[in-house]
Amino acid sequence: MASATREGRRIEVVLRTAKLMPIKTLESFDFSFQPSLNRERIAALAQLGFIRRSEVVHFLGPPGTGKSHLATALGVAAVKAGRTVYRATLAELIEALSQAERSGRLPEKIRFYARAPLLIVDEIGYLPITQGGANLFFQLVNARYEKGAMIMTSNRGFAEWGEVFGDPVVATALLDRLLHHAVVVQIEGASYRLRAHADLIPEHVRANAPITPPPPPKRRGRPPKIRNGAADH
């Protein structure tokens, strides 16, 4: 009993360090509310083979459809399996990288984020990217490319990433790496958080809630190189 208690406390500390609190699990996810999701496909991801293969899992869909819940649940499963995980929103990552760049510690910070076998990047497309942020994020993605797995959540389709990151060239370079070894899970449906208040949402908003992002761009050779934090145009 004592050993089980110690293990439970250890896992809780690791989950807090990984920023995976409050805990979300696949068992607590309401699959009946999002019938577009294939439960077996999510269960297969929970086997964590994508981490061993250094793949990128993308959860795409409107706000409130469970993307962050699923991403966190897979992170929790990875921690319980003994894997090191780190989770942050895209805005948090870029802010941390920007601060590190200003203080001359960017390489060290990129190594920190590249170290964990699984990095979860949440809320891509929700907040504007600060100037230079796209290039900083590219440097991190490039450092993890084919070396570490990632889970990404976004409410924007891939064709909109040029707008999201403020630079179509950098967005193309990002997608080239993030879609090379990727699993894309599209969630279509209403907001889980607003399900109890659906009658208060205007009909035209409910009707237009689902999004269907355009297909990912086809690979045409290598992307434009990014040198010294700037893309070659």
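Before reading on, note that the structure itself is shown above.
Residues numbered from 1 in each chain as written. Predicted model: local features only at pLDDT ≥ 70, side-chain atom pairs only at ≥ 80, totals over all residues. Heavy atoms only, no water.

1. Here we look at the packing of helix H5 (residues 90–102) against helix H7 (residues 133–144)
At a closest axis distance of 9 Å, the pairing of H5 and H7 adopts a crossing angle of 95 degrees. Relative to H7, H5 is oriented roughly perpendicular. In this structure, H5 contributes Leu90, Leu93, Ile94, Leu97, Ser98 and Glu101 to the contact, and H7 contributes Gly133, Leu136, Phe137 and Leu140. In terms of residue class, the contact of H5 with H7 is built from seven nonpolar, two polar and one charged. (Axes fitted to C-alpha atoms, helices over the stretch in contact; angles between N-to-C directions. Helix = DSSP H or I, 4+ residues; strand = E, 2+ residues; numbered from the N terminus. Parallel < 35°, antiparallel > 145°, perpendicular 65-115°, else oblique. Contact = heavy atoms within 4.5 Å. Nonpolar A, V, L, I, M, F, W, Y, C, P; charged D, E, K, R; others polar.)

2. Structural notes on H5
Helix length check: H5 (13 residues) gives 18 Å between terminal C-alpha atoms against 18 Å at 1.5 Å per residue, within 8%. Here H5 has its buried residues at Leu90, Leu93, Ile94, Ala96, Leu97, Ser98 and Ala100. The inward-facing, buried residues of H5 abut strand S2 (85–89), helix H6 (106–115), strand S3 (118–124), H7 and helix H8 (161–165). Just downstream of H5 lies glycine 104, where phi reads positive at about 75 degrees. (Expected span 1.5 Å × (residues − 1). Buried < 20%, exposed > 50% of the residue type's maximum accessible area, 1.4 Å probe, protein only.)

3. Some details on the sheet that holds S3
An order of S2-S3-S4-S1-S5 is seen for the five strands of this open sheet, with the pairing classed as parallel. With partners counted over all chains shown, the strands left at the sheet margins are S2 and strand S5 (182–186), one partner each. Pairwise comparison of adjacent strand axes, ignoring direction, gives a mean angle of 15 degrees for this sheet. In this structure, S2 lies alongside S3, joined through five bridges in parallel fashion. Note that in S3 the partner of alanine 88 across the bridge is valine 121. Each of S2 and S3 touches H5; the most contacted strand, S2, lies at about 95 degrees to it. (Pairing = 2+ DSSP bridges.)

4. Side note on the packing of aromatic side chains
Under the defined criterion, the tally for this structure stands at seven aromatic pairs. Aromatic pair phenylalanine 112 and tyrosine 113: ring centres 5.2 Å apart, planes at 65 degrees, arrangement edge-to-face. Residue classification places tyrosine 113 among the buried residues on the basis of a relative accessible area of 4%. Centre to centre, the rings of phenylalanine 137 and phenylalanine 165 are 5.8 Å apart; their planes meet at 5 degrees, and the pair counts as stacked. Of this pair, phenylalanine 137 sits in helix H7 while phenylalanine 165 sits in helix H8, and the two are 28 residues apart along the sequence. Here phenylalanine 137 falls in the buried class, since its relative accessible area comes to 0%. Among the residues examined, phenylalanine 165 registers a relative accessible area of 5% and is labelled buried. Joined through ring pairs, the aromatic side chains of Phe137, Phe158, Trp161 and Phe165 make up one cluster. (Phe/Tyr/Trp six-rings, centres within 6.5 Å; stacked < 30°, edge-to-face > 60°.)

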